[in-house]
Amino acid sequence: MTPDFGKCKRAGPATKGGEFASLEAPILVAVPEMSEITLPSVTTAKGDLWVFGYGSLMWRPGFAFEERVPARLVGEHRALCVYSFVHRGTPEKPGLVLGLDRGGACRGIAFRVAEKNRADVVAYLRAREQVTSVYREVMRSVWLENDARARVSALAYVVDRGHVQYAGRLSLAEQHRHVVQGHGQSGANRDYVTATVKAIEAEGFRDTQLHQLATMLHSDGHSLHAPPPVEDRENR
């Protein structure tokens, strides 16, 4: 266990209607102090809240919002860099889910949440995203890709590089292996990847590595359903 992880936390049940199903059994995970992974002021600040989605939030936000706008975040990029022990895998057979990691830029969706719903939405997101506290809760500047082209401050979940579930930069082959084996309380890992790729395509852009992985998974599916070879009876 790294020095940053000083205590164990028992993960509680997930919020109904979120990215993941209710936890059927508690799990123990090492987590940092709460103040290190959450922003206490985010629930009490005044005004509407912007939330930046770059993975499953793009296709299943799970919370009420007033506005949904394509957006770009600069300084971090989308990557399959988080081992999934709950949602799309298990500790014995980890899957892979997305995180925001250092460098580059990321296109996604910014959701505007009404001030009256701020506390409830933050509580929902923490229950959904922070089951094992692998993300840091941060506020980031994002640029809205609408007519206004405004810059707003948005809540985002960035991978904690010191967490045991941080996978780092995996090769495409390694990503494929984990996604194929991954199945957790939210379902098959391959479904998570393909749904995210479809959501990205619906916004009119591509994520090169995710699309390459989706192509590999699609090919796997075809090979699984390929007809059996014709038997060469003359050589029996």
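Please read these numbers as outputs of a predicted model, since none were measured by experiment. (Residues numbered from 1 in each chain as written. Predicted model: local features only at pLDDT ≥ 70, side-chain atom pairs only at ≥ 80, totals over all residues. Heavy atoms only, no water.)

1. Focus on the pattern of salt bridges
All chains considered together, the criterion is met by 10 salt bridges. Note that D207 and R78 form a salt bridge whose closest N and O atoms lie 3.0 Å from each other. In this pair, D207 is assigned in the loop between α5 (189-202) and α6 (208-224) and R78 in strand β4 (residues 67-84), connecting sequence segments 129 residues apart. Its salt-bridge partner being R128, residue E129 comes within 3.4 Å of it at the nearest N-O pair. Residue R128 is classed as buried on the basis of its relative accessible area of 1%. One continuous salt-bridge network, built from bridges that share partners, spans D48, E67 and R112. (Salt bridge = Lys/Arg side-chain N within 4 Å of Asp/Glu carboxyl O. Helix = DSSP H or I, 4+ residues; strand = E, 2+ residues; numbered from the N terminus. Buried < 20%, exposed > 50% of the residue type's maximum accessible area, 1.4 Å probe, protein only.)

2. Quick word on the packing of aromatic side chains
Across all of its chains, the model carries 5 aromatic pairs by this definition. Each member of the aromatic cluster is reached from another via a ring pair, and the members are F63, F65, F111 and Y124. (Phe/Tyr/Trp six-rings, centres within 6.5 Å; stacked < 30°, edge-to-face > 60°.)

3. Some thoughts on the layout of surface pockets
Estimates place the volume of the largest pocket at around 360 Å³. Around the largest pocket, the lining comprises 22 residues; the ones closest to its centre are H77, R78, A79, D207 and Q209. Taken together, the elements giving at least two residues each to the lining of the largest pocket come down to β4, β5 (95-113) and α6. Residue composition of the lining of the largest pocket, by class: 9 nonpolar, 5 polar and 8 charged. (1 Å grid on protein atoms, 1.4 Å probe; cavity = no way out; pocket = protein on both sides within 12 Å on 5 of 7 lines; lining within 4 Å. Points joined across faces, edges and corners; volume = space filled by probe spheres on them. Nonpolar A, V, L, I, M, F, W, Y, C, P; charged D, E, K, R; others polar.)

4. Focus: α5
Over its 14 residues, α5 runs 20 Å from end to end, which matches the ideal 20 Å to within 8%, given 1.5 Å per residue. N189, Y192, V193, T196, V197, A199 and I200 are the residues of α5 that are buried. One side of α5 carries all its buried residues, which in axial view fall inside an arc of 160°. In α5, the exposed residues that point more than 90 degrees away from the buried face are K198 and A202. G204 sits one or two residues past α5 and shows a positive phi near 90°. (Expected span 1.5 Å × (residues − 1). Arc of directions from axis to C-beta.)

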